[in-house]
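Close look at the chain arrangement
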Amino acid sequence: MSMRTTLIFLILSLISNILIAQNTRFIVRAKAKDAKFIGTSLGSALILVKNVETDEILAKGFTEGSTGNTQRIMNTPHQRFETLSDEQTAKFETTLALDEPTFVTIEAHSPYAKRGARVMASTQMWLIPGKDIIGDGIVLEIPGFIIDILHPHTHRYMKKADLKNGILNVEANIVMMCGCIISKGGLWDGSKMEVNAILKLNGEKQGEYPLQITDTENLFTGDIPLTQSGNYEIILYAYDARSGNTGVEKVNFILQ
């Protein structure tokens, strides 16, 4: 085969591949367990689309938009094929030029701006050339709570004189993974959630103490008695038996 013939063959093959490839549009959303979609207000979810066979990243980006319509998502009975999202609801949208069905892994890393609470949810599926997946698109559920322990601070040195009658007051800010508000008697009712602090001293468990929702949104507090000096750790967990949702945060401090 001459050089000219080879070149023509390569050009024709390239043109053929271009003509065969079809644009395939699809949408990916990240939705907090028992809550709403994860969007711009919480720092978004990072979406990765990978070719399973080659591990090549075919597309990546962040969800953008709002958390969605509360009434539609949380309070309205849903029927088959009915969408939960609207035009403003957070999403990652992309278009791939595919020349054959492609098996992909789709990952959502969220909430991306909160590293301590970030989890990864994934699924695998076939993308078919020219067959769009829109509407709600591919929805990945993100379980958990975002927990920030406000008091005591990380690695704080305290003296017994700093305590009131030997009691340490623990404060934690807890929100849903979409940033939705937890309040007393609200849609996400903190009074029906179990929030406990497991106390360890020098690595040994000392007890478990409840925290209660306050009149301030997202704020939980509870008291822990401290009687000995040493290195303490608090493992604070939130659990909602109704949804099976869980979250954990830890803090270490020193009592001198």
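So, here's what we can say about the structure. All values derive from a computational prediction rather than experimental measurement. Counting restarts for each chain, with residues numbered from 1 along the sequence as it is written. Note on the predicted model: pLDDT of at least 70 is required for a residue's local features to be given, and 80 or more for side-chain atom pairs to be given and counted; whole-chain, interface and lining totals, by contrast, use all residues. The basis for every side-chain value is the complete set of non-hydrogen atoms in the structure, without hydrogens or water.

By the criteria applied, helices consist of DSSP H or I runs no shorter than four residues and strands consist of E runs no shorter than two, each listed in order from the N terminus. Regarding its fold elements, the protein chain presents 2 helices and 15 strands. Atoms counted for the radius of gyration: C-alpha only. Globule rule: 2.2 Å times the number of residues to the power 0.38. The C-alpha atoms of the protein chain give 25 Å as radius of gyration, which overshoots the globular expectation for 256 residues (18 Å, by more than 25%). Expressed as lengths along the three principal axes of its C-alpha atoms, the size of the protein chain is roughly 90 × 45 × 25 Å. Split into buried and exposed, the 256 residues of the protein chain put 43% on the buried side. Residue contacts follow a heavy-atom distance rule, with two residues in contact if any of their heavy atoms lie within 4.5 Å. Across the protein chain, every contact between residues at least 6 apart in sequence was considered, and the portion connecting residues at least 24 apart equals 68%. When charges are tallied, Lys and Arg are placed among the positive residues and Asp and Glu among the negative ones, while His and the ends of the chain are skipped. The atoms used to mark charge sites are NZ of Lys, CZ of Arg, CG of Asp and CD of Glu. Averaged over its 25 positive side-chain charges, the protein chain has a centre that lies 2 Å from the centre of its 28 negative ones. Exposure categories follow from relative accessible area, calculated using a 1.4 Å probe and restricted to protein chains: below 20% of the type maximum is buried, above 50% is exposed, and the middle band is partly exposed.

Judged by pairing direction, the sheet is mixed, and its 8 strands sit side by side in the order 8-10-13-12-11-14-15-9 without closing on themselves. Every interior strand has two partners, whereas the edge strands, strand 8 (145–151) and strand 9 (156–158), have only one. Averaged over neighbouring strand pairs, the angle between their axes works out to 30° when direction is ignored. Relative to strand 13 (residues 219–225), strand 10 (residues 167–176) runs antiparallel, the two being bridged by 7 bridges. Paired with Val170 across the strands is Gly222, a residue of strand 13. Strands pair, by our definition, only if DSSP identifies at least two bridges between them. Lines are fitted to the C-alpha atoms to define the axes, a helix being fitted only along its stretch in contact, and any angle between axes, read from their N-to-C directions, falls within 0 to 180 degrees.

What the 3 strands build is an open sheet, ordered 4-1-7; its pairing is mixed. The sheet terminates laterally at strand 4 (92–98) and strand 7 (133–142), the two strands that pair on one side only. Strand-to-strand twist of the sheet, defined as the mean angle between neighbouring strand axes without regard to direction, takes the value 35°. Sheet topology note: the strand 1 (residues 22–32)/strand 7 ladder contains 6 bridges and is parallel. For Ala32, the partnering residue across the bridge sits in strand 7 and is Ile142.

Inspection of the secondary structure puts Thr94 in strand 4. For Thr94, a relative accessible area of 16% gives the class buried. Here Thr94 is in contact with Thr24, Arg25, Phe26 and Ala59, once residues within four sequence places are set aside.

Turning next to the nonpolar core. Core analysis: the largest hydrophobic core is formed by 58 residues, its most contacted members being Ile174, Met176, Ile182, Leu226, Ile234 and Leu236. Tallying contributions element by element places strand 10 first for this core, with 6 residues. Beyond its immediate sequence surroundings of up to four residues, Leu236 is in contact with Ile147, Ile149, Val170, Ala172, Ile174, Val195, Asn196, Ala197, Leu211, Gly247, Val248 and Glu249. Throughout this description, the term nonpolar core refers to a set of buried Ala, Val, Leu, Ile, Met, Phe, Trp, Tyr and Cys residues connected via side-chain atoms within 4.5 Å.

Turning to unusual backbone geometry, a few remarks are in order. Put simply, Ser110 and Pro111 share a cis peptide bond, and its omega is -10°. Within the secondary structure, Pro111 is located in the loop between strand 5 (102–110) and strand 6 (119–127). Here His151 and Pro152 are connected by a cis peptide whose omega angle stands at 5°. Summarising the element assignment, Pro152 is placed in the loop between strand 8 and strand 9. A positive phi is found at Asp55, a non-glycine position, where the angle reads about 65°. With a relative accessible area of 53%, Asp55 lands in the exposed category. Its identity is not glycine, yet Asn165 carries a phi of approximately 55°, on the positive side. Note that Asn165 resides in the loop between strand 9 and strand 10. With a relative accessible area of 70%, Asn165 lands in the exposed category.

A separate point is the pairing of strand 10. Where strand 8 lies against strand 10, 6 bridges are found, and the strand directions are antiparallel. Directly across from Phe145, in strand 10, lies its bridge partner Met176.

A few words now on the state of the cysteines. A pair of cysteine sulfur atoms is labelled a disulfide when the two atoms are within 2.5 Å. Going through the model one piece at a time under the given rule, you end up with 1 disulfide. Across the disulfide, Cys178 is cross-linked to Cys180 (sulfur-sulfur distance 2.5 Å). A torsion of -130° about the S-S bond marks the disulfide between Cys178 and Cys180 as left-handed. As far as the burial class goes, Cys178 and Cys180 line up, both buried.

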